[in-house]
Amino acid sequence: MKKILVTGGLGFIGSHTVVALQQEGFEVVIIDNLSNSTIEVLDKITSITNLKPEYHNLDLRDKTAVKTFFANNAIDGVIHFAASKAVGESVQMPLEYYENNISSLVYVLQEMTANKINNFIFSSSCTVYGQADELPITENAPIKPAESPYGNTKQIGEEIIKDTTKVSDLKAIALRYFNPIGAHESAKIGELPIGVPQNLIPFVTQTAAGIREELSIYGNDYPTPDGTAVRDYIHVVDLAKAHIIALKRLLDNKNKAAFEVFNLGTGKGNSVLEVIQTFEKVTGKKLNYKFVERREGDITAAYADTTIANKELGWKAELTLDEALLSAWKWQLTLKG
Ligand SMILES: NC(=O)c1ccc[n+]([C@@H]2O[C@H](COP(=O)([O-])OP(=O)(O)OC[C@H]3O[C@@H](n4cnc5c(N)ncnc54)[C@H](O)[C@@H]3O)[C@@H](O)[C@H]2O)c1
């Protein structure tokens, strides 16, 4: 049985991926410092899979602790989710973001190469493209200067990994997620609402649940069909599956280059208003919303060209926006109760 380290494995995407890994027969060990998650997620994962993953409460910024962990654990591959992810916050706290997202990555890679662990999956993001000149966005679209320290950590992160693959046996895949949403069908795990949500869907579900009075839509004067911004919303369960496929590609030496990059999205763009209407349709809940000024740093539209992921990984998003929004709502209801 292959043993996989999942950093940030108690977080939103990490927890869904841990479930998928266990269900595929992998042994999972999680590192998470609970900076944006809670220990209860471990029990929730266990109750879905009937398998308790090994867990280490460890801060990846602690170089010595990372070294000790790798010295004591025989690992076959690493999926690295752990990072700080709030774009707006990163503008206010750039050094914290650079420290957490870059130092942690470097320490993990140092120990992987020292211990000859060669299979690495990295959480990248469509933020690396900025406002792309052409839609849909392919992996070959130019990397634009980052709009935020957060986006910069993903660009630099990819560079660090690529450079490492050139001088070691490391094989790596960077997965550029578009907009992950939704929750597990069991409604036991989902996106934890710590603080005021910066993403649309938690804001939508919290407004529907009465936790927030009104949903603010940032901008209705974008050059899109209804004036609101367009994104590619990908169900987190589809996203989790892509990690298993990417991991197996590396474990089976099926990769075509030491460093590969894949877009993970549905390939379809939906406007904010479309999301709201779909949410109202599938849940029967009416949403209070108002239009406000555009938010700084937000782009007009982004959606993925997923041809390469479809062809190379044999992966395609299967779940719909309806399903994603309904699952997010069911998750929200468990939080309220
Ligand atoms: N959710 C999105 O919209 C999105 C989009 C693109 C990329 N990503 C990337 O995907 C990854 C996972 O995102 P998520 O939405 O699951 O975030 P999340 O915050 O839910 O999960 C990240 C987890 O990492 C842990 N963590 C953070 N710093 C750590 C450290 N120093 N040591 C140990 N654990 C640490 C947190 O406690 C948390 O449980 C991140 O790298 C994020 O940047 C997310």
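Residues numbered from 1 in each chain as written. Predicted model: local features only at pLDDT ≥ 70, side-chain atom pairs only at ≥ 80, totals over all residues. Heavy atoms only, no water.

For the rest of this paragraph, the subject is helix 2 (residues 40-49). By the burial criterion, the buried members of helix 2 are V41, L42, I45, T46, I48 and T49. When helix 2 is viewed along its axis, its buried side chains cluster within an angular range of 160° and face the same direction. In the core, the buried residues of helix 2 are packed alongside helix 1 (12-23), strand 2 (27-31) and strand 3 (54-56). Just downstream of helix 2 lies N50, where phi reads positive at about 60°. (Buried < 20%, exposed > 50% of the residue type's maximum accessible area, 1.4 Å probe, protein only. Helix = DSSP H or I, 4+ residues; strand = E, 2+ residues; numbered from the N terminus. Arc of directions from axis to C-beta. Contact = heavy atoms within 4.5 Å.)

Attention shifts here to the domain arrangement of the protein. For the protein, the domain assignment lists domain 1 (3-182 + 233-265) and domain 2 (200-230 + 268-306 + 321-336). In this assembly, 15 residues from domain 1 lie in contact with 20 residues from domain 2. In total, about 1,500 Å² of surface goes out of reach between domain 1 and domain 2, with carbon and sulfur atoms giving 66% of it. Inspection of the domain 1/domain 2 interface yields 6 residue pairs in polar contact (both at pLDDT 80 or more). (Domains from an automatic or database assignment. Buried area = accessible area lost by both parts, 1.4 Å probe. Polar contact = N/O pair within 3.5 Å; in protein donor to acceptor, adjacent residues only side chain to side chain.)

The first and last C-alpha atoms of helix 9 (residues 272-283) sit 16 Å apart over 12 residues, in line with the 16 Å expected at 1.5 Å per residue. For helix 9, the complete set of buried residues consists of V272, L273, V275, I276, T278, F279, E280 and T283. With its phi angle positive at about 75°, G284 sits one or two positions after the end of helix 9. (Expected span 1.5 Å × (residues − 1).)

Turning our attention to the packing of aromatic side chains. What the rule picks out here adds up to 4 aromatic pairs. Their ring planes at 90° and their centres at 5.4 Å tell us that F69 and F70 sit as a pair that is edge-to-face. Accessibility classification places F69 together with F70 in one group, the buried group. Seen in terms of ring centroids, Y289 and F291 are 6.0 Å apart; in terms of plane orientation they differ by 75°. Their pairing is edge-to-face. (Phe/Tyr/Trp six-rings, centres within 6.5 Å; stacked < 30°, edge-to-face > 60°.)

Right, let's get into the site of the ligand. Lining the immediate environment of the ligand, one finds 28 residues, of which D32, N36, K85, N100 and Y150 sit closest. Here S37 contributes a side-chain N or O atom positioned 2.8 Å from an oxygen atom of the ligand. Contact distances for the ligand include 2.9 Å between an oxygen atom and a side-chain N or O atom of K154. Protein contacts shield 96% of the accessible area of the ligand, which totals 820 Å² for the unbound molecule. Among the secondary structure elements, those contributing two or more residues to the shell around the ligand are helix 1, helix 5 (94-114), strand 5 (119-125) and helix 6 (149-167). Per element, the largest residue contribution to the shell around the ligand is 3 residues, and it comes from strand 5. (Near = heavy atom within 4 Å. Areas by Shrake-Rupley, 256 points an atom, 1.4 Å probe, with all protein chains shown as cover.)

Take the layout of surface pockets next. Unfilled space is identified by rolling a water-sized probe across the atoms. Estimates place the volume of the second largest pocket at around 430 Å³. If you trace the second largest pocket, you find 21 residues lining it, with H184, E185, V237, K241 and L319 closest to the centre. At the level of elements, helix 1, helix 8 (236-251) and helix 11 (321-336) are the ones that each hand at least two residues to the lining of the second largest pocket. Looking at the lining of the second largest pocket, the element that brings in the most residues is helix 8, giving 6 residues. Of the residues assigned to the lining of the second largest pocket, the class counts are 10 nonpolar, 5 polar and 6 charged. Taken domain by domain, the makeup of the lining of the second largest pocket includes at least three residues from each of domain 1 (3-182 + 233-265) and domain 2 (200-230 + 268-306 + 321-336). (1 Å grid on protein atoms, 1.4 Å probe; cavity = no way out; pocket = protein on both sides within 12 Å on 5 of 7 lines; lining within 4 Å. Points joined across faces, edges and corners; volume = space filled by probe spheres on them. Nonpolar A, V, L, I, M, F, W, Y, C, P; charged D, E, K, R; others polar.)

To continue, consider the nonpolar core. Within the largest apolar cluster, 39 residues are counted, with the highest numbers of intra-cluster contacts made by L21, I30, I45, I121 and L175. Of all elements in the fold, only strand 1 (3-7), helix 1, strand 2, helix 2, strand 6 (171-177), helix 8, strand 11 (259-264) and helix 10 (307-313) reach the threshold of two or more residues within this core. The element that contributes the greatest number of residues to this core is helix 8, accounting for 9 residues. In this structure I45 touches G9, L10, S15, V18, V19, Q22, I30, P53 and I189, once residues within four positions along its chain are discounted. If you look at the next biggest cluster of nonpolar residues, it comprises 25 residues, including V29, L105, V108 and I117. (Core = buried A, V, L, I, M, F, W, Y, C linked by side-chain atoms within 4.5 Å.)

The interhelical angle for the contact between helix 7 (residues 200-208) and helix 9, taken along N-to-C directions, is 40°, at an axis separation of 11 Å. As far as their axial angle goes, helix 9 and helix 7 are oblique. In this structure, the crossing between helix 7 and helix 9 has a hand that is right-handed. Side by side, helix 7 and helix 9 meet where L200, I201, V204, T205 and A208 of the first sit next to V272, V275 and F279 of the second. When its residues are assigned to classes, the contact of helix 7 with helix 9 shows 7 nonpolar, 1 polar and no charged. (Axes fitted to C-alpha atoms, helices over the stretch in contact; angles between N-to-C directions. Parallel < 35°, antiparallel > 145°, perpendicular 65-115°, else oblique. Left-handed = near helix turned anticlockwise from the far one by under 90°.)

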